[in-house]
Amino acid sequence: MNDTAPQQQQPHPQPQPQKKILIVTAHPDPRSLTNSLAAFATEHLRAAGHEVQVSDLYAMKWKATVDADDFPDEPGDGRLHVMSASERATLAGRLSADVAAEQEKVRWADAVILQFPLWWFSMPAILKGWVDRVFTAGFGYGPALPPPYSESALGGRRALVSVTAGARETSFSDRGIHGRLADVLHPVQHGLFWFTGMTPLEPFTVYNANDLPAEGFETAKREYARRLEGLFTDTPVPFRTLTGGDYDHDMRLLPSVENPGTTGFDLHVRPHD
């Protein structure tokens, strides 16, 4: 007689629903840490069953500057009012083909990942040009769309900055000489993602990127894998909504809404309960 207790069958983990992710990467060297991390993210997400599209801006030879060529129907004999011209072209479906294709990728995506090196405390010019050209009036913002800093035009999408920095982590701390990384990335996290309705997560950062040893890269990949697995479940940055009652008609934060002593960009993050 077999007196071994029957083993309970372990429940299989529930697979995550398949999602669609756009990765936008910006580095001129295909062998760079930036592009290596983008390739790792692509492979890891696809292995988990997700669909991934990649916009490698240097490989695409992306045009970084907004100019009249972006709006083919605009008359060439007058001033170019970029906001109104971009809105007319967007709503009429008459943007240049490269911009329209990138907008379709953003519409398609459930999440957007920006992968870039921190150059002069910002993103590379080619990536800034992608933002300038793709997030047109009528697509990312505008009077015909929901209000910014809330559900807005691109609501329902997750957003992650994955950034490499040559400096040490302590230099981007509260007393670090470069300032807090959250402040450095505020124009992207709050001014791009949250303004257009996307939900930003805390950024993923690889420090000391210029001299990262092989074992450091392996560590970075393990940590990045964890963040990618939480892309749709991790708690986002709790930015305040414009329509949630925290701001007055002039878009100024109402007095005494924040915790005592809060200053700077932290004013626009909801305090923890």
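Residues numbered from 1 in each chain as written. Predicted model: local features only at pLDDT ≥ 70, side-chain atom pairs only at ≥ 80, totals over all residues. Heavy atoms only, no water.

The name given to the protein in an unreviewed UniProt entry is NAD(P)H-dependent oxidoreductase, with Streptomyces telluris as the source organism. Quoted verbatim from the Sequence similarities (unreviewed entry) field of UniProt, the annotation for the protein is "Belongs to the NAD(P)H dehydrogenase (quinone) family." (UniProt positions renumbered as here; feature names shortened; annotations may be inferred.)

Applying the stated criterion across every chain, the model contains nine aromatic pairs. An angle of 75° between the planes, with centres 5.6 Å apart, marks the rings of Trp130 and Phe135 as edge-to-face. Given the relative accessible area of 9%, Phe135 is considered buried. When the centroid spacing of 5.0 Å and the interplanar angle of 85° are considered together, the rings of Tyr149 and Phe195 count as edge-to-face. Separated by 46 residues along the polypeptide, Tyr149 in the loop between α4 (125–134) and β4 (158–164) and Phe195 in the loop between α6 (186–194) and β5 (199–200) bring together distant segments of the chain. Site record: aromatic cluster; members linked through ring pairs are Phe40, Phe204 and Tyr224. Over the aromatic face of Phe232 sits the side chain of Lys19, whose NZ or CZ is 5.3 Å from the ring centroid. (Phe/Tyr/Trp six-rings, centres within 6.5 Å; stacked < 30°, edge-to-face > 60°. Buried < 20%, exposed > 50% of the residue type's maximum accessible area, 1.4 Å probe, protein only. Helix = DSSP H or I, 4+ residues; strand = E, 2+ residues; numbered from the N terminus. Lys NZ or Arg CZ within 6 Å of the ring centre and 35° of its normal.)

This part takes up the side chain of Arg227. In this structure, Arg227 sits in helix α7 (residues 214–229). Residue classification places Arg227 among the buried positions, given a relative accessible area of 9%. Separated by 3.3 Å, the side chain of Arg227 and the backbone oxygen of Pro203 make a polar contact. (Polar contact = N/O pair within 3.5 Å; in protein donor to acceptor, adjacent residues only side chain to side chain.)

Below, the discussion takes up the UniProt feature "domain: Flavodoxin-like fold" (unreviewed entry) in the protein. Under the present numbering, the feature "domain: Flavodoxin-like fold" (unreviewed entry) in UniProt falls on residues 19–227. As annotated, residues 19–227 comprises 36% helix and 15% strand, and the C-alpha atoms at either end are separated by 15 Å.

Attention now moves to the layout of surface pockets. Considered as a void within the structure, the largest pocket measures approximately 390 Å³ in volume. Among the residues forming the lining of the largest pocket, the class breakdown is nine nonpolar, five polar and seven charged. (1 Å grid on protein atoms, 1.4 Å probe; cavity = no way out; pocket = protein on both sides within 12 Å on 5 of 7 lines; lining within 4 Å. Points joined across faces, edges and corners; volume = space filled by probe spheres on them. Nonpolar A, V, L, I, M, F, W, Y, C, P; charged D, E, K, R; others polar.)

Take a nonpolar patch on the surface next. Taken together, the side chains of Trp119, Trp120 and Phe121 define a hydrophobic patch exposed on the protein surface, amounting to about 420 Å² of accessible area. If you trace the backbone, Trp120 turns up in the loop between β3 (111–117) and α4. You can call Trp120 exposed: its relative accessible area is 79%. (Patch = residues over 30% accessible without salt bridge, like charges linked within 9 Å, V, L, I, M, F, W, Y side chains within 5 Å. Areas by Shrake-Rupley, 256 points an atom, 1.4 Å probe, with all protein chains shown as cover. Salt bridge = Lys/Arg side-chain N within 4 Å of Asp/Glu carboxyl O.)

What the rule picks out here adds up to 16 salt bridges. A salt bridge links Asp266 to Arg180; the nearest nitrogen and oxygen atoms lie 3.0 Å apart. One end of the pair, Asp266, is in the segment after α7; the other, Arg180, is in the loop between β4 and α5 (181–184), and 86 residues separate them in sequence. Its relative accessible area of 25% is what places Arg180 among the partly exposed residues. Measuring nitrogen to oxygen at the nearest pair gives 3.7 Å for the salt bridge that ties Asp234 to Arg227. Sharing partners across several salt bridges, the network here consists of Lys63, Asp67, Asp70, Asp98 and Arg133.

Further remarks concern the pairing of β3. The buried fraction of β3 amounts to seven of the seven residues, a majority that puts the element mostly inside the structure. Side-chain alternation along β3 places Ala111, Ile113, Gln115 and Pro117 on one buried face and Val112, Leu114 and Phe116 on a second face that is also buried. As paired strands, strand β1 (residues 20–25) and β3 are joined by five bridges and run parallel to one another. What sits directly across from Leu22, in β3, is Val112. (Pairing = 2+ DSSP bridges.)

Moving on, we come to unusual backbone geometry. Its identity as a non-glycine residue notwithstanding, Tyr149 has a phi of 55°, on the positive side. With relative accessibility at 22%, the residue Tyr149 sits in the partly exposed group. You will see that Asn208, though not glycine, has its phi angle at about 55°, which is positive. Mapped onto the secondary structure, Asn208 falls in the loop between β6 (204–206) and α7.

Because an α-helix completes one turn every 3.6 residues, residues spaced three or four positions apart along the sequence face the same direction. In terms of residue burial, α4 counts as a mostly covered element, since seven of its ten residues are buried. Here α4 has its buried residues at Ile126, Leu127, Gly129, Trp130, Val131, Arg133 and Val134. In this fold, the buried residues of α4 make contact with β1, α3 (97–108), β3 and α6. (Contact = heavy atoms within 4.5 Å.)

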